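Report on the structure
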Amino acid sequence: MRVFKMKKGNLVPFLRSLKEYGEVWGPVKKGDSYVYANTDPEEFDITAIRTLIPAKKFFLPQKDTFLKFKKGGWKENLNAPKRVIFGLHPCDLHALNIYHEFYTRIYEDPFYLAKRNAAVIIGLSCMPDEHCFCHLTDTSTIEEGFDLFFTDLGDRFLVWIGSPKGDEIIARRKEMVEETETDDIKDYIEWRKKREKSFKVDLSFTGLPEIVSASYDSDIWDKMGAACLSCGTCTMVCPSCTCFDVEDEYDIRAEEVNRNRKWYSCMFREYSLVAGGHNFREARSERLRLWYTHKLVGFMSEYGEPACTGCGRCVSYCPVDINVLSVVRALMGEKNDAFWAKTEVKQL
Ligand code: SF4
Ligand code: SF4
């Protein structure tokens, strides 16, 4: 992989110059969280850890009209806005790779692919906070799935080229980068050591699929089910959750129908409701068990890796402390500060 360096002061002019590749999006502060915004790159916060909603929203929007029906026919909607998406950390790039596998491996989803092919993906290094655990899910570094990747070394960035598109971008902006020297690589190695030491979550994920499988009948699922609000936040913020529902939206006067897909959640009661009124997962405990066994066991056997990239979003945003860390601690019998692990909660 080729690597150049770029002076810190060149970042904003560089990102501004990418408008020819489409709208430029990056992380900005909003309230207590970060969101992706299409604004001047000067506003991007390169210290942002995780955005509230991950980059999956660019490739599977929360609501996406993929077919349009009119009297006499229908049309696929393969429109895809050209975008440059800046600031994805290694965990989120791994999640996009999971998305790519899911939407292309067995059946190539043209609506996803149109959006993916129209995007330039630019990764950015990060320092972990107290919720990050990508060092446990083997997703703390990234080698593919981006066009460019920036490593922040303080006064300069290392710029890694990850695709022919990334190569073209740099080749056309040669004046903004320089060749790396021995000191740059030395500083990079020091930076990596510092980052590895910064992870605060200490937990073993060894043998996790077997432990989750063997815990199928554990009463821990009932404890969590009693606390869970079925709000679906965990699935909405998770960068690797792929589920959607399909609905038809009618406009009788225009004699037009939009067929949309909308984000959906296996935490919702209706998710497992079938014709005739039977529900395969009526209890919240059953829906939680589905999510965790799918992420940590099922995905592993099908794709060879868990569908959790350690981004810490479920840790940050579940209102009742149900997240990969508290669940793994509970299943492994380790000390667990989640309130549902310590109290008897009455099932509603
Ligand atoms: S686990 Fe937490 S975030 Fe997920 S549905 Fe239950 S309460 Fe909501
Ligand atoms: S399960 Fe939680 S930590 Fe893992 S990728 Fe999803 S939101 Fe991030």
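Worth saying up front: this structure is predicted, and the values here are computed from it rather than measured. Here, residues in each chain are numbered from 1, in the same order as that chain's written sequence. As a convention, the first chain written is A and the first ligand written is 1, with the rest following in written order. The predicted nature of this model means local features are confined to residues of pLDDT at least 70 and side-chain atom pairs, given and counted, to a pLDDT of 80 or more, with totals for whole chains, interfaces and linings taken over all residues.

**So, the site of ligand 2**
- For each residue, a C-beta position is placed from the backbone atoms; the residue is near a molecule or strand when that point lies within 6 Å of it. Every one of the 14 residues lining ligand 2 counts as a neighbour, but Cys-238, Cys-308, Cys-311, Arg-313 and Cys-314 are closest to it.
- Classifying every residue of the shell around ligand 2 by side-chain character gives 7 nonpolar, 5 polar and 2 charged. Here the nonpolar group is Ala, Val, Leu, Ile, Met, Phe, Trp, Tyr, Cys and Pro; Asp, Glu, Lys and Arg are the charged ones; every other residue, Gly included, is treated as polar.

**Examining the sheet that holds strand S8 (residues 148-152)**
- Overall, mixed pairing links the 8 strands, which are arranged S3-S2-S6-S7-S8-S9-S1-S10 in an open sheet. Looking at which strands have only one partner, the edges of the open sheet turn out to be strand S3 (33-38) and strand S10 (178-179).
- The pairing of strand S7 (residues 119-124) with S8 spans 3 bridges and is classified as parallel. Each residue of the ladder has a partner; that of Gly-123, found in S8, is Phe-149.
- The strands that helix H5 (residues 164-171) touches are strand S1 (3-7), S7, S8 and strand S9 (156-161); relative to S9, the one it contacts most, it runs at about 135 degrees. Here, strands pair whenever DSSP counts at least two bridges between them. For helices the rule is a DSSP run of H or I covering at least 4 residues; for strands it is a run of E covering at least 2, with both sets numbered from the N terminus onward. Any two residues are considered in contact once their C-beta atoms, placed from the backbone, lie within 7 Å. Only the contacting stretch of a helix is used when fitting its axis, a line to C-alpha atoms as for every element, and angles between N-to-C directions run 0 to 180 degrees.

**Topic: the site of ligand 1**
- Around ligand 1 lies a shell formed by Cys-228, Leu-229, Ser-230, Cys-231, Gly-232, Thr-233, Cys-234, Met-267, Cys-318, Pro-319, Val-320 and Ile-322.
- Of the residues contributing to the shell around ligand 1, the split by class is 9 nonpolar, 3 polar and no charged.

**Some remarks on helix H10 (residues 284-303)**
- To estimate the expected span of a helix, subtract one from its residue number and multiply by 1.5 Å. The end-to-end C-alpha distance of H10 is 27 Å, a good match for the 28 Å that 20 residues give at a rise of 1.5 Å each.
- To get the bend at any residue, fit one axis to the seven residues that end at it and another to the seven that begin at it, then take the angle between the two axes. In H10, a bend of some 50 degrees at His-294 exceeds every other bend along the element.
- With C-beta atoms placed from the backbone, the exposure class of a residue follows from how many other C-beta atoms lie within 10 Å of its own: 20 or more, buried; 12 or fewer, exposed; in between, partly exposed. Regarding H10, the residues found buried are Arg-284, Ser-285, Arg-287, Leu-288, Arg-289, Trp-291, Tyr-292, Lys-295, Leu-296 and Phe-299.
- Remark: Gly-304 follows H10 within two positions and exhibits a positive phi of approximately 80 degrees.

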